[in-house]
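Given next are the chains, with one letter for each unit.
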Amino acid sequence: MAQKDKGSFRDPSGYVFTHNERVLRNVTKHGAQQYEAVRDAGLFDVLYDKGFIVKTTELDAQEKKKLGFIDKNFTDEGCAYLLEHEVIPYISYPYEWSFEQLKTAALHHLDLQLFCFDKGFVLSDATAYNIQFIGARPVFIDILSLKPYKQGEFWQGYQQFCMQFLYPLILQAKVGINYQALYRGTCEGISASDLRAMLSWRDKLSLLTYLHVTLPAKLDRKRINNPDAVMKNAAKQRQLSANAYRGFLGAMRRAVMGLKPKGKNRTVWNNYEIEQIYVSEELQQKRDFVAKFVKTEKPNMLFDIGCNLGGYSLLARESGAEYVVGFDFDSGAIDVSYQRAGKVDNFLPLLFDAANPSPGIGWRGAERQSFITRANADALVALAFEHHLLIAKNIPMDDFIDWLLSLAKSGVVEFVPKNDETVQKMLTLREDIFHDYTQENFENLLQKSAKIIEQKIISASGRTLYWYQQK
């Protein structure tokens, strides 16, 4: 059955839906003229060839007739055109991206704007949700937001770009606060007033923050106190010549390019992959075990839960996993993983707290999907991970295993025994209340719903890998 995307409702010119694992877009009569202008200029083909936008095909009349039910089931506005988009392997959101990923997405958006402007077209909005990643590569997905440029118009998406791209980056660059939790809590991004309240007096004096944070924040206050006067004023002033428009976009690009996370952006996993948790022989055994699992299972989609710096994600790609999504709670680790992902295809690292994963948010709690709703893996690896939930977060062992099995039909999970140095460090400053944290209990619970295909001890402390498949 066709399923309309619950996040695709804001634009009357069209909407996205899925049908038999295909991603389709209906262009309504309201959007037909604008779509035709961009298409007839040959812009879609050029943008795809240059890597700016997702691959899009206009379906013919026969295909449209075959799917004619969409007129009745989805809209009263008819179907002027039916488009098919390349499938994005895994949908992610800005609050799941590291600083470098959000910065890359912002630059991609601005580069797209600048390229289109030189061809006589602009974007009607600037939401960060219109950028998706295929591996490390950003692509723009909302092609109906492209429209012909009108002489004198202002950049309509300016405020949205600031709230969803610029302000989160400034927050981490100037204040040193990770923006992801705040971003996730607001959905629409960070406001100028909220950001200004967090900036130091010195930061407020910089040209970047004065122009794009302080002045908009003052305008927000005036809008509250005297909305009619502000709106009339704004309507008169929001005019730009073509040169000024392009210059504004170029200046914004330079500003974004110059932003860097405050401090060293050190990750707790900086030395994880070179620490002597395992001796070299044990490490090789672990790598061989994971490689064998991946080569045997041949997953199209693999999740690496607790990917750290991406070492095992890259191993999974080398061993035959078609697409790998790595998850870790440390934004610095995700930045490192993202740098490594740029050297291979089809590896996407994302920020992730397993004890507090992304919920469904936005309109009716469904505009942005939850992590569980998007969990579409064929297989997973969870290495040196379970104790961070069971010990550090007090997650019950049976609940953890149920959750793990819900994500993929097969996987490799590493059990770290209580006598292991890492667990002992975690218990140093707290009472050991984890009486059921035993390997025997772990195996028994795992075997209730899964078959253990193979297991292997890979450290002197007794760390054990379990290759399992759901029953």
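Conventions and cut-offs
- Residues numbered from 1 in each chain as written.
- Predicted model: local features only at pLDDT ≥ 70, side-chain atom pairs only at ≥ 80, totals over all residues.
- Heavy atoms only, no water.
- Phe/Tyr/Trp six-rings, centres within 6.5 Å; stacked < 30°, edge-to-face > 60°.
- Helix = DSSP H or I, 4+ residues; strand = E, 2+ residues; numbered from the N terminus.
- Buried < 20%, exposed > 50% of the residue type's maximum accessible area, 1.4 Å probe, protein only.
- Bend = angle between axes of the 7 residues up to and from the residue.
- Pairing = 2+ DSSP bridges.

Trainee: Can you help me understand the packing of aromatic side chains in this one?
Mentor: In this structure the tally under the stated criterion is 34 aromatic pairs. Taken together, a centroid distance of 4.9 Å and an interplanar angle of 20° make the contact between Phe 117 and Tyr 245 stacked. Note that Phe 117 is positioned in helix H5 (residues 99–118) and Tyr 245 in helix H12 (residues 242–257), a separation of 128 residues in sequence. Consider the rings of Phe 400 and Trp 403, whose centres lie 6.2 Å apart with planes at 40°: the pair is tilted. In this pair, Phe 400 and Trp 403 are both assigned in helix H18 (residues 397–407), three residues apart and thus about one turn of the helix distant. The same class applies to Phe 400 and to Trp 403, which are both buried. Following the ring pairs from residue to residue traces out a cluster consisting of Phe 154, Trp 155, Tyr 158, Phe 161, Phe 165 and Phe 248.

Trainee: It is not clear to me how helix H6 (residues 158–175) should be interpreted in this structure. Could you clarify?
Mentor: Note on helix geometry: an α-helix contains 3.6 residues per turn, so any two residues three or four positions apart are oriented the same way. Approximately 40° is the largest bend angle found in H6, and it occurs at Leu 166, with the proline Pro 168 only one to four residues beyond. Burial of H6 is extensive: 14 of the 18 residues sit out of reach of the surface. At the exit of H6 stands Gly 176, carrying a positive phi of roughly 80°.

Trainee: What should I look at first to understand the sheet that holds strand S1 (residues 3–4) in this one?
Mentor: Sheet strands associate in pairs through backbone hydrogen bonding, adopting either a parallel or an antiparallel arrangement. Sheet architecture is open: five strands sit in the order S1-S2-S3-S5-S4, paired in antiparallel fashion. Bordering the open sheet on either side are S1 and strand S4 (56–58), each of which pairs with just one other strand. Relative to strand S3 (residues 22–27), strand S2 (residues 14–19) is paired through six bridges, and the arrangement is antiparallel. Within the sheet, the bridge partner assigned to His 19 lies in S3 and is Arg 22.

It is worth stressing that arrangement in space is one thing and function is another; only the former is reported here.
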